[in-house]
Amino acid sequence: MNAAVSPHIFEVDQENFETDVLQASLTTPVLVDFWATWCGPCKSLGPLLEKLATEYNGAFRLGKVDVDKNQELAGVFGIRSIPTVILVKDGQILDGFAGALPEGQLRQFLSRHIQPLEGDVDEQLEDELPPESPEQAINRLQQDIAAEPDRLELKLDLAVALAQAGHAAAAEAELNALPANLSTDSRAVRLRSQLDLARSLEGTPAMDVLQQRIHANAHDWEAHDLLGVRLLLGDDPAAGLEHWLLILEKARDWNDGQAKKRLLAAFNTLDDAELVGRYRRRMASLLF
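Starting from 1, residues in each chain are numbered consecutively following that chain's sequence as written. Only residues with pLDDT of at least 70 get local features here, since the model is predicted, and only at 80 or more are side-chain atom pairs given and counted; chain-wide, interface and lining totals rely on the full set of residues. Side-chain metrics in this entry use all non-hydrogen atoms of the structure; hydrogen atoms and water are not considered.

(A) Seen up close, the packing of helix 13 (residues 237-250) against helix 15 (residues 273-287). Throughout, an axis means a line fitted to C-alpha atoms (over the contacting stretch in the case of helices), and angles, computed between N-to-C directions, take values from 0 to 180 degrees. Put simply, DSSP marks the helices as runs of H or I at least four residues long and the strands as runs of E at least two long, and each gets a number from the N terminus on. Contact pair helix 13 / helix 15: the axes reach a minimum separation of 10 Å and the direction vectors enclose 5°. Between helix 13 and helix 15, the angle is such that the two are roughly parallel. Contact with helix 13, carried on its side by P237, A238, L241, E242, L245, L248 and E249, involves L275, Y279, R282, M283, L286 and L287 of helix 15 and no other residues of that element. Along the lines of polarity and charge, the residues of the contact of helix 13 with helix 15 split into ten nonpolar, no polar and three charged. When an angle is under 35 degrees it counts as roughly parallel; over 145 it counts as roughly antiparallel; between 65 and 115 it counts as roughly perpendicular; any other value is oblique. The contact definition used throughout considers only heavy atoms, calling two residues in contact when any of these lie within 4.5 Å. Just so you know the grouping, Ala, Val, Leu, Ile, Met, Phe, Trp, Tyr, Cys and Pro go in nonpolar, Asp, Glu, Lys and Arg go in charged, and all remaining residues, Gly too, go in polar.

Here it is as structure tokens:
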């Protein structure tokens, strides 16, 4: 992890965090990467972040925190697993994620908050290929694993790609085969939660049937619950969370408090820190 590869990449410690991260973010967003030399997933994420920081050419800066050398700083941010990345903008934490995301998802994360500068970067982005599909990712990762079998973090990447392509059984098999240090990685924990939720849908009605049931009976809590799972695992997680909040508000004790259990499980599957924080607060307001 060499912060000298680009003028837009720098080392962060307790002494320069205030000036080089918080104050600097008032003019330029700062992506802060919490990592360690012994962390396997960090070895795949770090180079990707450095590549993007160089490519964006000043649209954001990348600050790297070695948690072994800066335990107090990591503690201030409640870092529980690495790699963890936070985006600081206008002096505030705007967003973040945990785990080693693939390049396509990193670009999507950055695109939500950062606009590339005009000029060379735009020309580079125009030449990029479209984001790879889950099936393409599976093929690429299988080739990478065959070429570098000792890079065990690639097997976690493969499990994620298999799940995204709908191959739940194969994804679970890859998860179960991970070594102990990777099986507790935040991405592995998130994926296992997603697979557990997906398993609960086996043999259940399709989305349109569940919507019809709710239209016929607004208090059909089972339909709300199952529709919540389908939406969460589909393309509208916020709508899924809304169904469980409704159950929590109207029928908290339904099915032995399942709505609360679903919400907690859902929070473990999402990598959108802002969305999770917002719905955690709403859940708390209903419970307390």
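(B) Structural detail: the sheet that holds strand 4 (residues 84-89). Paired strands, in this sense, are two strands between which DSSP finds at least two bridges. The five strands are arranged 1-3-2-4-5 in an open sheet whose pairing can be described as mixed. At either end of the open sheet lies a strand with only one pairing partner, and these are strand 1 (9-11) and strand 5 (92-98). On average, each strand axis in the sheet is tilted by 25° relative to the strand beside it, whichever way the strands run.

(C) Examining the packing of helix 7 (residues 153-164) against helix 8 (residues 168-176) more closely. Where helix 7 meets helix 8, the closest approach of the two axes is 8 Å, and the angle between their N-to-C directions is 160°. The angle between helix 7 and helix 8 places the two elements in the roughly antiparallel class. As helix 7 packs across helix 8, the resulting crossing turns out to be left-handed. Of the residues in helix 8, those touching helix 7 at K155, L156, L158, A159, L162 and A163 are A170, A171, E174 and L175. Looking at the contact of helix 7 with helix 8 residue by residue, the classes come out as eight nonpolar, no polar and two charged. By definition, turning the near helix anticlockwise from the far helix through less than a right angle yields a left-handed crossing, and turning it clockwise yields a right-handed one.

(D) Looking closely at the environment of L26. Inspection of the secondary structure assignment puts L26 in the loop between helix 1 (17-23) and strand 2 (30-35). Its relative accessible area of 54% is what places L26 among the exposed residues. Considered as a pair, L26 and G91 are 65 residues apart in the sequence and their alpha carbons are 5.7 Å apart. Once residues within four sequence positions are removed from consideration, L26 is found in contact with D90 and G91. Under the scheme applied here, a residue whose accessible area is under 20% of the maximum for its type counts as buried, over 50% as exposed, and between as partly exposed, the area being computed with a 1.4 Å probe on protein chains only.

(E) Summary view of helix 10 (residues 186-199). Helix length check: helix 10 (14 residues) gives 20 Å between terminal C-alpha atoms against 20 Å at 1.5 Å per residue, within 8%. Within helix 10, burial applies to S186, R187, A188, R190, L191, S193, L195 and L197. What a helix should span is 1.5 Å times the count of its residues minus one.

(F) The packing of aromatic side chains, seen in detail. Stacked, edge-to-face and tilted labels apply to pairs of Phe, Tyr and Trp rings (six-membered ring for Trp) whose centres lie within 6.5 Å, assigned for plane angles under 30 degrees, over 60, and everything in between, in that order. Applying the stated criterion to the full structure yields four aromatic pairs. With 5.0 Å between their ring centres and 80° between their planes, F97 and F109 make a pair best called edge-to-face. Here F97 is found in strand 5, whereas its partner F109 is found in helix 4 (residues 103-111), with twelve residues between them in sequence. For F109, a relative accessible area of 4% puts it in the buried group. Each member of the aromatic cluster is reached from another via a ring pair, and the members are F17, F34 and F77.

(G) The arrangement of the side chain of R187 in detail. Residue placement: R187 occurs in helix 10. Using a relative accessible area of 5% as the deciding quantity, one classes R187 as buried. There is a polar contact of 2.6 Å between the side chain of R187 and the side chain of D157. In contact with R187, other than residues within four places in its own chain, are A98, G99, A100, L101, E153, L156, D157 and V160. Definition of a polar contact: a pair of N or O atoms within 3.5 Å, with one able to donate and the other able to accept a hydrogen when the atoms are protein atoms, and with sequence-neighbouring residues admitted only if both atoms are side-chain atoms.

(H) Region of interest: the pairing of strand 3 (residues 61-66). Counted residue by residue, strand 3 has five buried out of six residues, so it is predominantly covered. Where strand 1 meets strand 3, three bridges bridge the pair, whose relative direction is parallel. Pairing of E11 across the sheet is with K64, part of strand 3. Sheet analysis places strand 2 next to strand 3, joined by six bridges and oriented parallel. For W35, the partnering residue across the bridge sits in strand 3 and is D66. Viewed with both strands pointing away, a crossover whose connecting path from the first strand over the helix to the second turns clockwise is right-handed. With respect to chirality, the unit in which strand 2 leads through helix 2 (residues 40-56) into the neighbouring parallel strand 3 is right-handed.

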